[in-house]
Amino acid sequence: MVLNKDTAKKTAEILLQIKAIKLQPNDPFTWASGWKSPIYCDNRTTLSYPKVRNFIREQLAKNIEDQFGRPDVIAGVATGAIAIGILVAQYLNVPFIYVRPEPKKHGRKNQIEGHLEDNKNIVVVEDLISTGKSSLNAVKALRDSGAHVKGMVAIFSYGFELADNNFEEAALPLITLSDYEYLLEQSLDSGYITENELKTLQEWRKAPAKWKK
């Protein structure tokens with residue numbers, strides 16, 4: 001869910017400007033999953049731009065406090081959301097931890113890194129939501145440890161129906177600064193795409209696993 005239209009469009013514009021999001025409807029990318037896609041998003045690029053990362057940090061923190069109250073702990077999802085999660089935790093002046101995709105094979109075999117006391121209220125920070133599988137895997141690890149996960153915030157979401165269903169099944173609120181619909185609206189308004197390219201981008205979102213240019 002996006003809370004503020006102006007923030008959503010500003011976030012989309014920023015991500016386009018710094019090329020954290022690239023739109024290539026006529027020259028699609030290939031994702032690791034094998035999907036062909038007219039969009040590629042790498043929000044780690046935001047870390048290279050101080051004004052951008054400060055904006056994102058402050059907007060994520062505001063959404064957290066407005067929707068969930070100040071948490072006891074911020075958790076980042078490894079690896080993409082570790083840095084932005086630290087920035088948000090620092091801004092809120094609360095502890096930070098991060099969650100690996102799976103436990104380490106050596107040492108203490110931790111999946112959750114950092115000091116986490118029992119029964120703490122946690123908000124999880126993500127950089128990008130696609131299907132939600134890896135994000136919710138982190139949430140499960142936190143819940144299994146005894147933490148109370150109040151919700152998740154993220155910079156951007158593709159808005160896939162599968163992700164919506166996965167978050168609903170996990171009973172986890174998700175707040176994002178921007179999403180695919182606002183991205184397309186801003187891209188058209190700013191001249192990044194044409195009307196014909198808009199149609200291509202809309203078609204992809206309907207069935208991304210089957211889409212072929």
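Structure's up top.
A brief look at the structure comes next. (Residues numbered from 1 in each chain as written. Predicted model: local features only at pLDDT ≥ 70, side-chain atom pairs only at ≥ 80, totals over all residues. Heavy atoms only, no water.)

**Examining the overall build of the chain**
Then comes step 1: Helix and strand counts for the chain stand at 7 helices and 10 strands.
Then comes step 2: The C-alpha atoms of the chain give 17 Å as radius of gyration, which agrees with the globular expectation for 213 residues (17 Å, within 12%).
Then comes step 3: Expressed as lengths along the three principal axes of its C-alpha atoms, the size of the chain is roughly 55 × 35 × 30 Å.
Then comes step 4: Intrachain contacts of the chain at a sequence separation of at least 6 include 63% that bridge at least 24 residues.
Then comes step 5: Of the roughly 11,000 Å² that the chain leaves accessible, carbon and sulfur atoms contribute 45%. (Helix = DSSP H or I, 4+ residues; strand = E, 2+ residues; numbered from the N terminus. Rg over C-alpha atoms; globule rule 2.2 N^0.38 Å. Contact = heavy atoms within 4.5 Å. Areas by Shrake-Rupley, 256 points an atom, 1.4 Å probe, with all protein chains shown as cover.)

**Focus: the layout of surface pockets**
Then comes step 1: In this structure, the largest pocket encloses a volume near 710 Å³.
Then comes step 2: Lining of the largest pocket is provided by 31 residues; of these, C41, D127, L128, S130 and S134 occupy positions nearest its centre.
Then comes step 3: When contributions to the lining of the largest pocket are tallied by element, the ones reaching two or more residues are β4 (39-41), β8 (121-129) and α4 (133-144).
Then comes step 4: Within this model, the second largest pocket holds a volume of roughly 210 Å³.
Then comes step 5: Residue assignment for the lining of the second largest pocket shows that the elements contributing at least two residues are α5 (161-169), β10 (174-179) and α6 (180-190).
Then comes step 6: When grouped by side-chain class, the residues that make up the lining of the second largest pocket number 8 nonpolar, 3 polar and 4 charged. (1 Å grid on protein atoms, 1.4 Å probe; cavity = no way out; pocket = protein on both sides within 12 Å on 5 of 7 lines; lining within 4 Å. Points joined across faces, edges and corners; volume = space filled by probe spheres on them. Nonpolar A, V, L, I, M, F, W, Y, C, P; charged D, E, K, R; others polar.)

**Quick notes on the packing of aromatic side chains**
Then comes step 1: Across all of its chains, the model carries 10 aromatic pairs by this definition.
Then comes step 2: Where W31 meets W35, the ring centres are 5.7 Å apart and the plane angle is 25°; that geometry is what we call stacked.
Then comes step 3: W31 gets classed as buried once you look at its relative accessible area, which sits at 13%.
Then comes step 4: Three or more aromatic residues joined by ring pairs form one cluster here, namely W31, W35, F156, Y158, F160, Y180 and W204. (Phe/Tyr/Trp six-rings, centres within 6.5 Å; stacked < 30°, edge-to-face > 60°. Buried < 20%, exposed > 50% of the residue type's maximum accessible area, 1.4 Å probe, protein only.)

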